[in-house]
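# What the coordinates show
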Amino acid sequence: MKIAVIIKQTPDTETVVKINDAGNDIVGTGVKYVMSPYCEFAVEEALRTKEKLGGEVVVVSLGPDRVLETIRTALAMGCDRAIHLKDPAYEGGDGQATAKALAAALKTVSPDIVFAGKQAIDGDQSQVAVRVAELAGLAQATIVTALEIAADGKTAKATRRSEGGGEVVELKLPALISCEKGLNEPRYASLPGIMKAKKKEVKELKPAELGLEGQVGAAGAKAKRVKLLPLAERKAGRRIEAETPEAAAAELVRLLREEAKVL
Amino acid sequence: MLRKGAKAAFQGAAVASRTFASGSPKAAPERLAGPPKRPDLFDLSLTDEQTMIRESVKQFTDDVVRPAAAKADEACAPPDGFLERFDELGVRLMAIPEAFGGMAGERSPLTNVLVLEELARGDMGLAFAAAAPLAVIHALVDGGTAAQQAKYLAAFAEEKPFAAAFALVEPRPLFDAHRLATKARRSGEGFVLSGEKAMVPWAKSAQLLLVAADLEGAGPRLFLVERGTNGVTLEPDPSMGLRSADLGRLHLDDVAVPRDALLGGDEPALDYATVIDRARMAWSALAVGCGQAVLDYVIPYCNERVAFGEPITNRQSVAFMIANIAIELDGLRLVLYRAASRAEHGQSFRREAALARAQAAEKGMEIGTNGVQLLGGHGFVKEHPVELWYRHLRAIGIAEGGLLV
């Protein structure tokens, strides 16, 4: 079975990001980058699929040099080889431009199944996976929390999380699965895996090699980010001073009812 | 007054008498480059693989080790399945040569130091437990005979890990790793061991023990002793710190072992003193990791803790104490990495290992006690982990053996 997984490198959740002077991007220096957590579920599911049904797992990622670190992590977890879409021309794209490049790269793999995170934790747009599926002509199930692939590798049954419940869908492969928390418990990159990762193939593909010159990155984007807004600063809490605990509680109830209007 | 006046006059005279010629300026200013790179000098930059290994162990530490620490301390044992969980990182297979079913291609003391350090940041006792079987594996790889390797390394490379321990420390005053009270005497085809060992991890479950004993006055040697051998008793003996490692006391009552139990046979490939050096680096690595845990904990705590209307870090007595922890910790780390790097490059590292160990024992304890101090009353209660780290760090000064890098 040919298995592909698309991953994104994002700032670590613990990183405190700062907005640059132009106001349209974050300051890159001092930021620690990791694999987006939902992409970890995707890599794990890809590896489990391979362990069950055999085949090969190909990692595909788009981004600058630093993304290689995240690709190596996926290879250390057990993926077999990687495609790195690395070129200045890929930069500055929106979900559509990125999906176009990834879909074209996937074509060189012709996978039976593609795994992706349900969203990246930086832009939180949930655009790329669904667009890749459309552009590559794949069936898709999004926000998947459980997956069963038939032994013949022709169909799959996916459980999707939806508001307050779930939904089970059947798909014909080739298909794309976007992965949600709960689908699995991602493995650690093991020491032997890490030592082997460096010997695995990471193929770089330029836009020209995908026949996409002038159609990816900023040039291919239909939406452009004009401004990033910082999180609104939280107002300081209010302290209730009263003679007795009873009086304080009464005052709290009054404020909740009259000011916050939540009671 | 007179003296000060005379000095000022003298300096003034010197300044007035000197004039500087303009010289002939070059097209660009002259700067000096560094000396050519000397590959024989120790290099502290990590390889990409080491960086990734540290990151992976860090994840495991944050997910598994740290959350289990308090309960394991109370239970005086690692949580069920801990060794199996730790095995997901593949550290065991990375220590065993491919010929025996492992995946080791190289022997890197520095990588081992990094792994121990990261684990101990989660919990020093659990780090001791996780790495205890590795010490026996390393000793077999470095010094075992072909027969010993075939028998035990193959068993270590099986699908599931098992507990094993390197027993060195003896419960007596002024214990000296080079003057052992545990004795081995030749008897017929084999040896008979007698004596007592303390601080042995995995008291309840260790299957294989590497025991240091003095061989008929010829100095200390290492023996492979199977748990089930007649005369072997290993009973739990919880201590102040490292409780989560399931510490025990080992009694050897005239334990008869075969000739093949002597590690390396009559012509050992592994120098006993080197084993001690490697163990000292390992304990220093645990001290660094635990010290880092203290530092990472006290900084946000003291920044957020408000007393007398302001964060307590605004007080110099607090800020200086934290700064000193950071300084000592970095100093210790550098000494330790230097020792590990020299070991890795085949250079002598005895002196460096001893320095690291001395520094770890003294500064480790200081960091532990200051961690408790910085939290004031909160440092004394179990709600915060600093009291646990203090108890762990007390162990560095008395621990010997047990671990290898």
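Residues numbered from 1 in each chain as written. Chains lettered and ligands numbered in written order. Predicted model: local features only at pLDDT ≥ 70, side-chain atom pairs only at ≥ 80, totals over all residues. Heavy atoms only, no water.

## Side note on the overall build of chain B
The cut-off we apply is this: The secondary structure listing takes helices from DSSP runs of H or I that are at least 4 residues long and strands from runs of E that are at least 2 residues long, numbered from the N terminus. For each residue, the accessible area found with a 1.4 Å probe, counting protein chains only, is set against the maximum for its type, and the residue is called buried under 20%, exposed over 50%, and partly exposed in between. Residue contacts are counted whenever heavy atoms from the two residues lie within 4.5 Å of one another. Note that accessible areas follow from Shrake-Rupley with a 1.4 Å probe, and for residues the cover is restricted to the protein chains shown. A residue counts as positive if it is Lys or Arg and as negative if it is Asp or Glu; His and the chain ends are not included. For charged residues, the charge sits on one atom: NZ in Lys, CZ in Arg, CG in Asp, CD in Glu.
Looking only at helices and strands, chain B has 11 helices and 9 strands in total. Overall size of chain B, expressed as C-alpha extent along the three principal axes, is 90 × 55 × 45 Å. Residue burial in chain B is summarised as follows: out of 405 residues, 52% are buried. For chain B, the proportion of contacts with a sequence separation of at least 24, taken over those separated by at least 6, is 76%. On chain B, roughly 19300 Å² of surface is accessible, and the fraction owed to carbon and sulfur atoms is 55%. Of the side chains in chain B, 44 bear a positive and 51 a negative charge, and the two mean positions are spaced by 9 Å.

## With respect to the domain arrangement of chain A
Often, the extent of an interface is quoted as the loss of accessible area on bringing the components together. Under the convention used in this document: For every domain, the bounds stem from an assignment made automatically or drawn from a database.
Domain assignment breaks chain A into domain 1 (2–220) and domain 2 (237–263). Each of domain 1 of chain A and domain 2 of chain A has a C-alpha centre, and these two points are 49 Å apart.

## Points about the domain arrangement of chain B
Residues and elements named next belong to chain B. Let me state the cut-off plainly: Once two parts are joined, some of their accessible surface, as seen by a 1.4 Å probe, is lost; buried area is that loss totalled over both.
Segmenting chain B into domains produces domain 1 (48–162), domain 2 (167–261) and domain 3 (272–393). Here domain 2 and domain 3 have C-alpha centroids that lie 30 Å from each other. With 12 residues of domain 2 at the interface, the matching set in domain 3 holds 8 residues. Roughly 860 Å² is buried in total at the junction of domain 2 and domain 3, and carbon and sulfur atoms are behind 73% of that figure. It is His178, Met240 and Leu242 that lose the most area in domain 2 upon contact with domain 3, and together they represent 50% of the buried surface on that side.

## Some remarks on the interface of chain B and chain A
Stated precisely, the cut-off is as follows: Salt bridge, as used here: a side-chain nitrogen of Lys or Arg that lies within 4 Å of a carboxyl oxygen of Asp or Glu. Contacts described as polar in this section are N or O atom pairs within 3.5 Å, which, within protein, must combine one atom able to donate a hydrogen with one able to accept it, while residues neighboring in sequence count only if both atoms come from side chains.
Taken residue by residue, the interface counts 20 residues in chain B and 14 residues in chain A. By the criterion of area lost to chain A, the three top residues of chain B are Glu49, Met52 and Met94 of chain B, representing 34% of everything that side buries. Joining chain B to chain A, the criterion identifies 2 salt bridges. Here Glu55 of chain B and Lys32 of chain A are joined by a salt bridge, their closest N and O atoms 3.1 Å apart. Summed over the shared surface of chain B and chain A, the number is 5 residue pairs in polar contact (both at pLDDT 80 or more). Per-element tally for the side of chain B that touches chain A: the top contributor is helix H2 (residues 48–75) of chain B, with 10 residues.

## Section: the packing of aromatic side chains
Residue and element names in this part refer to chain B. What counts here: Ring pairs are drawn from Phe, Tyr and Trp, using the six-membered ring of Trp, whenever the two centres fall within 6.5 Å, and their geometry is named by plane angle: stacked under 30 degrees, edge-to-face over 60, tilted for the rest.
For the structure shown, the criterion picks out 8 aromatic pairs over all chains. Centre to centre, the rings of Phe60 and Phe82 are 6.5 Å apart; their planes meet at 40°, and the pair counts as tilted. Here Phe82 lies in helix H3 (residues 82–87) and Phe60 lies in helix H2, a separation of 22 residues in the sequence. Ring geometry for Phe128 and Trp283: centres 4.9 Å apart, planes at 65°, overall edge-to-face.

## Notes on the nonpolar core
How we decide: Throughout, nonpolar core names a set of buried Ala, Val, Leu, Ile, Met, Phe, Trp, Tyr and Cys residues whose side chains join them through atoms within 4.5 Å.
Among the nonpolar cores identified, the biggest contains 174 residues, and Val5, Phe115 and Leu147 of chain A together with Leu209 of chain B are the most heavily contacted of them. Dropping the residues within four chain positions of it, Phe115 of chain A is found in contact with Ile3, Ala4, Val5, Ile6, Ala42, Glu45, Ala46, Thr49, Leu147, Ile177 and Cys179 of chain A. Ranked by size, the runner-up nonpolar core spans 27 residues in total, among them Val58, Ile83, Leu106 and Leu212 of chain A.

## Let's talk about a nonpolar patch on the surface
Residue and element names in this part refer to chain A. Short version of the rule: By definition, no residue in a patch forms a salt bridge, and every one has over 30% relative accessible area; like charges are joined within 9 Å, nonpolar side chains (Val, Leu, Ile, Met, Phe, Trp, Tyr) within 5 Å.
On the surface, a cluster of nonpolar side chains totalling about 280 Å² of accessible area is made up of Val253, Val262 and Leu263. The topology assignment puts Val253 in helix H7 (residues 245–258). Exposure remark for Val253: the relative accessible area of 36% places this residue in the partly exposed category.

## Structural notes on the pairing of strand E3 (residues 190–200) of chain B
Residue and element names in this part refer to chain B. Spelled out, the test is: A pair of strands is treated as paired once DSSP finds two or more bridges between them.
Across the 11 residues that make up E3, a large majority, 8, are buried. Here strand E2 (residues 183–187) runs beside E3; their pairing, made up of 5 bridges, is antiparallel. The partner of Lys183 across the bridge, within E3, is Ser194. The hairpin formed by E2 and E3 contains 2 residues between the paired strands, and Gly188 there has a positive phi angle of roughly 60°.

## Some thoughts on the pairing of strand E7 (residues 139–149) of chain A
Residues and elements named next belong to chain A. Here E7 pairs with strand E10 (residues 175–179) via 4 bridges, running parallel. Its bridge partner lying in E10, Ala139 is registered against Ala175. Pairing analysis gives 5 bridges linking E7 to strand E8 (residues 155–162), with the strands arranged antiparallel. Opposite Val144, over in E8, you have Arg160 as the bridge partner. The hairpin formed by E7 and E8 contains 5 residues between the paired strands, and Gly153 there has a positive phi angle of roughly 70°.

## Examining the packing of helix H7 (residues 272–304) of chain B against helix H9 (residues 350–374) of chain B
Residue and element names in this part refer to chain B. Counted only if it meets this: Every axis in this analysis is a line fitted to C-alpha atoms, fitted for helices over the stretch in contact. Angles between the N-to-C directions lie between 0 and 180 degrees. Here is the rule for angles: anything less than 35 degrees is roughly parallel, anything more than 145 is roughly antiparallel, 65 through 115 is roughly perpendicular, and the remaining ranges are oblique. Helix crossings get a hand from a simple test, with the near helix turned counterclockwise from the far one by less than a right angle marking a left-handed crossing and a clockwise turn marking a right-handed one. For this classification, Asp, Glu, Lys and Arg are treated as charged, while Ala, Val, Leu, Ile, Met, Phe, Trp, Tyr, Cys and Pro are nonpolar and the rest, including Gly, are polar.
Where H7 meets H9, the axes come as close as 8 Å, and the angle between the chain directions of the two elements is 25°. When the interaxial angle is binned, H7 and H9 end up roughly parallel. Our pair here, H7 against H9, has a crossing hand that is left-handed. For the pair H7 and H9, contact is made by Ala273, Thr274, Asp277, Arg280, Met281, Ser284, Ala287, Gly291, Val294, Val298, Tyr301 and Cys302 and by Arg350, Ala353, Ala356, Arg357, Ala360, Ile367, Gly371 and Leu374, respectively. Here the contact of H7 with H9 is composed, by residue class, of 12 nonpolar, 4 polar and 4 charged.

## Looking at the confidence of the model for chain B
What counts, and what does not: The score called pLDDT rates the predictor's confidence residue by residue, from a low of 0 to a high of 100.
Summing up the model confidence of chain B, the mean pLDDT is 93 and the portion of residues at 70 or higher is 94%. Ranking the helices and strands of chain B by mean pLDDT puts strand E1 (residues 164–167) of chain B first, with 98, and helix H1 (residues 2–17) of chain B last, with 60.

## Here's the deal with the side chain of His84 of chain A
Residue and element names in this part refer to chain A. Along the chain, His84 turns up in strand E5 (residues 81–85). At a separation of 2.8 Å, a polar atom in the side chain of His84 contacts the main-chain carbonyl oxygen of Gly63. Engagement of the side chain of His84 in a polar contact is seen with the backbone oxygen of Pro64, the distance being 3.4 Å.

## Focus: the sheet that holds E7 of chain A
All names here are of chain A. One open sheet accounts for 9 strands, arranged E9-E8-E7-E10-E6-E1-E4-E5-E11; its pairing is mixed. Of all strands in the sheet, those with a lone pairing partner are strand E9 (165–172) and strand E11 (202–204), marking the two edges. Averaged over all pairs of adjacent strands, the angle between their axes in this sheet comes to 35°, without regard to strand direction. When strand E1 (residues 2–7) meets strand E4 (residues 56–62), the two strands line up parallel, connected through 6 bridges. Among the inter-strand pairings, Ile6 is bridged to a residue of E4, identified as Val60. Sheet strands in contact with helix H2 (residues 67–77) are E1, E4, E5 and E11, and its direction is about 160° off that of E5. On the sheet, helix H3 (residues 95–107) packs against E1, E4, E5 and strand E6 (113–117) and is oriented at approximately 150° with respect to E4.

## Considerations on the packing of helix H5 (residues 124–143) of chain B against H7 of chain B
All names here are of chain B. Between H5 and H7, whose axes approach to 12 Å, the crossing angle comes to 155°. The angle between H5 and H7 places the two elements in the roughly antiparallel class. Like other packed secondary-structure pairs, H5 and H7 cross with a definite hand, here right-handed. Listed contacts from H7 to Met124, Ala127, Phe128 and Asp142 of H5 are Arg278, Trp283, Leu286, Ala287 and Cys290. Looking at the contact of H5 with H7 residue by residue, the class counts come to 7 nonpolar, no polar and 2 charged.

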